[in-house]
Every structure is written in structure tokens, then in C-alpha cells.
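Reading the structure
So the chains spell out like this:
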Amino acid sequence: MKELAIRGGPKSKPTQYTLTNRYGAEEEQQLSRALRGGKLMGPGGIVSEFEAALCDAFQVRHAITVTSGTAALHTALCALGVAEGDEVITTPMTDIGTVAAILALHAVPVFADIDLDTRLIDPASVRARIGPRTKVVIAVHMSGLPCDMKEFARIAADTGVTILEDCAQGHGGRYHGKLLGGLGKAAGFSMNESKQMTTGDGGFVTTDDDEVARIASLFRDKTYLRDGSVGRGGQPIPFFALNYRANGLHAAVGLAQLGKLDALVHRRDDIARRYYAELEDLKDFTLPTLVDGAEPSWWPVAGRYTGADGRRDELVEALRAEGLSISTGMSPASNILRTELVRTKRYYPLSDEVPAFWRDIEYDPDSCPHVDELQRTVIRLPVDERYTDEDIDQT
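In this report, we go over the structure that sits alongside the text. (Residues numbered from 1 in each chain as written. Predicted model: local features only at pLDDT ≥ 70, side-chain atom pairs only at ≥ 80, totals over all residues. Heavy atoms only, no water.)

Topic: helix α2 (residues 45-58)
The terminal C-alpha atoms of α2 lie 20 Å apart, and with 14 residues this matches the ideal 20 Å at 1.5 Å per residue to within 8%. Where α2 is concerned, the buried positions are Ile46, Val47, Phe50, Glu51, Leu54, Cys55 and Phe58. Gln59 occupies a position one or two residues after α2 and carries a positive phi of about 55 degrees. (Helix = DSSP H or I, 4+ residues; strand = E, 2+ residues; numbered from the N terminus. Expected span 1.5 Å × (residues − 1). Buried < 20%, exposed > 50% of the residue type's maximum accessible area, 1.4 Å probe, protein only.)

Here it is, written out as C-alpha cells:
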């Protein structure tokens with residue numbers, strides 16, 4: 001056995017990981033076509049073309065493009081009828097954008113724990129937190145791992161709550177053969193540069209519900225009617241809404257990226273399968289348990305060190321010294337329950353005033369212990385479609 005790199009031995013991976021430019025001739029061609037078309041403002045034009053392509057690709061009736069994943073969830077929650085004082089259940093192990101979308105509607109985020117084996121929001125924990133004011137449950141397909149959507153469908157049937165999928169990391173994943181994004185009443189996707197398909201930044205809402213789509217389309221465009229039915233000065237402005245319109249440049253890059261998605265998902269699956277085949281019997285290390293019927297759209301694989309307390313960080317340091325691209329955080333904030341935002345309920349940057357809808361809400365920072373345990377022990381293995389076989393051999 002060779003000497004460890006951290007002790008002066010040669011690196012297991014002496015070269016950088018292969019990361020070629022994600023944008024190429026396809027994006028340049030679509031951008032040029034959009035510019036030649038002379039209309040970049042959406043909706044309409046190439047934006048509508050992209051939305052139609054998203055419907056075909058994700059097998060849904062409607063796709064509404066917006067400017068970010070956070071905007072997608074905000075738009076979807078509004079279209080699902082969430083209003084001030086309603087409760088929305090999700091996991092505290094997610095991007096803050098998930099929670100920001102709830103708070104933006106003056107709704108109350110309620111946090112359910114995860115299942116340590118699947119690394120995903122636990123349906124049993126969700127059930128325990130449903131109350132008379134619960135309106136929506138956001139099922140976060142974290143790291144491209146599909147949630148147990150049959151169980152969430154049962155929760156919806158039993159309680160009347162609505163299921164919204166957070167597919168920010170789930171492009172191209174499937175559950176029992178059906179693509180993520182078509183399993184809840186609506187879904188929100190992100191297209192920032194870390195995602196499986198990207199427009200630099202951006203997002204979209206998917207739904208099979210015509211009324212949800214109608215409201216979402218209005219909400220992302222200040223409720224303006226763009227069908228020619230009203231003239232200038234005649235906009236009715238039926239409710240408060242924002243400007244989350246995606247533009248033609250987003251759509252052009254998105255069309256090119258969409259054409260690459262299937263190959264990307266296939267290549268990432270090949271890499272993840274190698275990790276499972278070669279590491280699943282490793283002592284003191286576990287890989288995520290996939291729910292029945294799950295076909296992930298992989299992000300870095302969330303392995304978990306189960307050995308002696310305090311040794312995870314030493315192990316990560318040694319692996320990084322070998323040249324491996326190992327990370328430890330499942331999300332930018334490890335547990336949203338422990339952020340300053342939630343601890344202090346500081347809604348405004350320059351005011352200590354807590355809005356009335358949130359004023360009497362109390363959070364227990366220890367109420368999701370599995371989130372803390374996973375973040376304390378996770379070792380994320382690198383996955384990227386651009387990696388070569390040699391990259392994975394060395395990893």
C-alpha cells in the first residue's frame with residue numbers, strides 16, 4: 001500500500017478533474033437565432049418555443065419560465081393558493097430559496113426531518129407536522145434523489161394538502177418511470193449554473209393543472225394580459241404580482257441545454273453506479289438508499305461516514321490531499337433551523353420588526369436531528385458528466 005499523500009506520498013489523483021465548457025456550438029447557434037429574430041422579451045417568441053419544448057421533455061401540460069429556482073417556487077406557491085398565515089412544510093436541509101419562497105407570501109415555514117438512509121424529507125415526519133393551517137408540502141428531491149412520491153400522494157389524499165415538488169436538483173430524474181416535475185400538483189426547477197441544465201440563472205414551473213398554469217403565468221408577468229384582449233391603459237391588474245419573466249437569451253441557451261439533458265443524466269448515472277458497485281461494502285461508509293422506483297438525476301453522491309465520532313473531517317482532509325474533489329455540505333446552510341434568519345425571525349435587513357404572520361411562531365433548532373447528523377457525517381463524492389473514466393478510476 002502506498003504512503004498517503006497527506007503524509008508525503010504521491011497523490012491518487014495527480015491531475016485536475018476534466019471540466020470542459022458547458023456551453024458550445026449548440027448554445028451559440030440558438031443565441032444567434034434568438035438575436036436574429038429581433039425579440040428577446042418574453043413571453044412569446046423563442047421563450048414560448050422553449051416552454052413548449054420543456055412540456056415535451058418533462059411530459060407535462062404546462063411549463064412557465066421564470067428568472068430563478070426561487071422565483072419558480074414563489075410563483076408555484078402563489079398559483080397553488082398559498083396566502084398569509086398558511087403553513088408550508090418542507091425540510092431545513094435545502095437551499096434557502098425554498099424557504100424564501102414561503103416567507104415571500106407571508107406563509108409560515110414548518111420543518112420536517114429527513115430519513116437518514118435516503119437523505120430525503122421523511123414522509124412520516126411530514127405527517128406528524130400537518131395541522132389545520134397546512135396548505136402545501138414541498139417535497140425536495142435533494143441531490144437529484146427522487147422522494148417517495150407514492151407516500152406523499154397518500155399524504156395528500158388523506159389530509160387534503162397539496163404537494164409541490166422542488167426539482168431544483170432533479171432535472172431528468174424519474175420515479176416509477178415518470179419524470180420528476182409531473183408527480184405533484186406543480187413543481188419548481190432551477191437553471192442556475194450548478195444545475196444539470198443551466199441558462200446561467202433561471203427557472204421554470206411545471207404543472208398539468210390549467211388553473212395553476214394560468215395564475216403562474218400571470219404572477220410571473222405582473223398579471224399583464226399579453227393576448228391582445230386589452231389595449232394600453234386597459235390592464236385590469238387583478239392581484240399583486242412580480243416581474244419574473246425569462247427572456248429570449250435564457251430560452252435560447254435553455255433549448256440547447258435541454259438537448260443535452262438525456263446524455264448528461266445517463267453519464268452521471270454511469271458514474272454513480274460505479275460508486276455503488278465499488279464502495280457499497282466499504283467499512284464505516286454508507287451510500288444513499290434509493291426509494292422504490294427511483295431513477296436519480298445525480299448530483300454529488302451523499303455518502304456517509306459512520307465510524308468513530310470526529311473522524312469524518314480527518315478523513316476528508318486525507319482524501320482532499322489525494323487530489324479528490326470531496327465536499328461535505330449538503331446545502332449552503334447546513335440546517336436552516338439554525339440560521340440567523342430563523343433563530344431571530346429577522347425578515348427585514350434594517351428593521352427589527354417581525355411581521356405579524358411570523359411573530360408568534362417558535363422553532364426548536366433541535367427538532368430535526370437527522371439533518372444535523374447527516375451534515376455532521378456526510379462525505380459527498382464528485383459527479384459530473386464531463387468527468388472521464390480516468391477521473392473516476394483515480395477517485
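Here we look at unusual backbone geometry
Omega for the peptide link from Gly42 to Pro43 comes to -5 degrees, which places this bond in the cis form. Relative to the assigned elements, Pro43 resides in the loop between α1 (25-37) and α2. Located in the positive-phi region is Ser143, a residue other than glycine, with phi close to 60 degrees. Residue class for Ser143 comes out buried when judged on its relative accessible area of 1%. Positive phi, close to 50 degrees, is recorded for His176, a residue that is not glycine. Tracing the backbone shows His176 in the loop between β8 (174-175) and β9 (178-179).

Considering the pairing of strand β10 (residues 186-190)
Taken across its five residues, β10 has five buried, putting it largely inside the fold. Side-chain alternation along β10 places Ala186, Gly188 and Ser190 on one buried face and Ala187 and Phe189 on a second face that is also buried. Here strand β7 (residues 162-166) runs beside β10; their pairing, made up of three bridges, is parallel. Its bridge partner lying in β10, Asp166 is registered against Gly188. Sheet topology places β10 next to strand β11 (residues 203-207); four bridges connect them, and they run antiparallel. Within the sheet, the bridge partner assigned to Phe189 lies in β11 and is Phe204. (Pairing = 2+ DSSP bridges.)

What about the sheet that holds strand β14 (residues 301-305)?
A sheet is described by the order of its strands in space; here three strands give the open sequence β12-β14-β15, paired in antiparallel fashion. A single partner strand is all that each edge strand has here, and the edge strands are β12 (285-286) and β15 (378-381). Judged from the four bridges that link them, β14 and β15 form a sheet pairing that is antiparallel. What sits directly across from Gly303, in β15, is Ile379.

A look at the pattern of salt bridges
Once the charged atoms of two side chains with opposite charge are near each other, the side chains can pair. Evaluated as defined, the whole model comprises 28 salt bridges. Among the salt bridges present, the one from Asp221 reaches Arg245, with a minimum N-O distance of 2.6 Å. With Asp221 in the loop between α7 (210-219) and α8 (248-258) and Arg245 in the loop between α7 and α8, this pair connects stretches of sequence that are 24 residues apart. Judged by relative accessible area, Arg245 falls into the buried class, the value being 17%. Here Arg359 makes a salt bridge to Glu353, at a shortest N to O gap of 3.2 Å. The partly exposed category is assigned to Arg359, whose relative accessible area is 41%. Residue Glu353 is classed as partly exposed on the basis of its relative accessible area of 47%. Each of Arg127, Glu151, Arg154 and Asp158 takes part in a single network of salt bridges with overlapping partners. (Salt bridge = Lys/Arg side-chain N within 4 Å of Asp/Glu carboxyl O.)

Quick look at the environment of His171
The residue His171 is located in the loop between β7 and β8 in this model. With relative accessibility at 0%, the residue His171 sits in the buried group. In the structure, His171 is positioned 93 residues away from Leu264 in sequence and 10.0 Å away in space, judged by C-alpha atoms. Excluding residues within four positions of it along the chain, His171 makes contact with Phe58, Phe189, Ser190, Met191, Lys195, Gln196, Met197, Leu261, Val265 and Ser297. For His171, the side chain forms a polar contact with the side chain of Gln196, separated by 3.1 Å. (Contact = heavy atoms within 4.5 Å. Polar contact = N/O pair within 3.5 Å; in protein donor to acceptor, adjacent residues only side chain to side chain.)

In short, shape yes, function no, at least from these values alone.
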